[in-house]
Amino acid sequence: MEVTLWSAKEMGESSSDALEEQRQVSEEKRESAENARLSQEKQRESSEHLRLSQEEQRELAEEIRNSAEEIRQIAEEIRQFKEELRQAKEEARQAKEELRQAREELQKAREKAWQSTEFA
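Bear in mind that the values here come from a model prediction, so they are computed numbers and not experimental data.

Calculation criteria
Along each chain, numbering runs from 1 in the same order as the chain's sequence is written. Totals for whole chains, interfaces and linings use every residue, but because this is a predicted model, local features are given only for residues with pLDDT of at least 70 and side-chain atom pairs only at 80 or more, for both listing and counting. Think of the side-chain values as coming from all heavy atoms in the structure, minus any hydrogens and water. By definition, any uninterrupted DSSP run of H or I lasting at least four residues is a helix, any uninterrupted run of E lasting at least two residues is a strand, and each is numbered from the N terminus. Note on exposure labels: buried denotes an accessible area under 20% of the residue type's maximum, exposed denotes more than 50%, and partly exposed covers the range between, all computed with a 1.4 Å probe on protein chains only. Per-residue and other accessible areas were derived by the Shrake-Rupley procedure at a 1.4 Å probe size, with only the shown protein chains allowed to occlude residues. Salt bridge, as applied in this entry: a Lys or Arg side-chain nitrogen positioned within 4 Å of an Asp or Glu carboxyl oxygen.

A.B. asks: Mind laying out the overall build of the protein, listing which residues take part and the relevant values?
C.D. replies: Within the protein, the secondary structure is distributed over one helix and zero strands. For the protein, the proportion of its 120 residues judged to be buried stands at 0%. Carbon and sulfur atoms make up 53% of the accessible area of the protein, which totals about 11600 Å².

A.B. asks: Just give me the short version of the pattern of salt bridges, but keep the residues and values in it.
C.D. replies: Tallied over the full model, the rule gives 13 salt bridges. The salt bridge partner of Arg-51 is Glu-48, with a shortest N-O separation of 2.6 Å. Placement of both Arg-51 and Glu-48 in helix H1 (residues 8-119) is noted, with a separation of three residues, approximately one turn of the helix. Bridged by salt links that share partners, the residues Glu-34, Arg-37 and Glu-41 form one connected network.

Here it is as structure tokens:
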């Protein structure tokens, strides 16, 4: 039977190698955990960005709806203004016609008065 005797130096080296390997494994686990944490943080930030983007889109859609309603109201006011303007023009045309007729009647009355004084 062969007995292998490990020297203290060899045992120390293998123990040192095992400790180094264990340290590397622990370091890799820490790095992996940190990477996972960073990945989750990025995912949370991405989700927050998406949520804000969706909220901004909803707000923009609401602003568009409000603008469309304002435009509709302005268009209605313009339509009403045009109708009022048309009516005012018609009233002015009628007043002008009445004035023309009144002048014509006044002219006839003047001529009649002139003729009556001329023959008198």
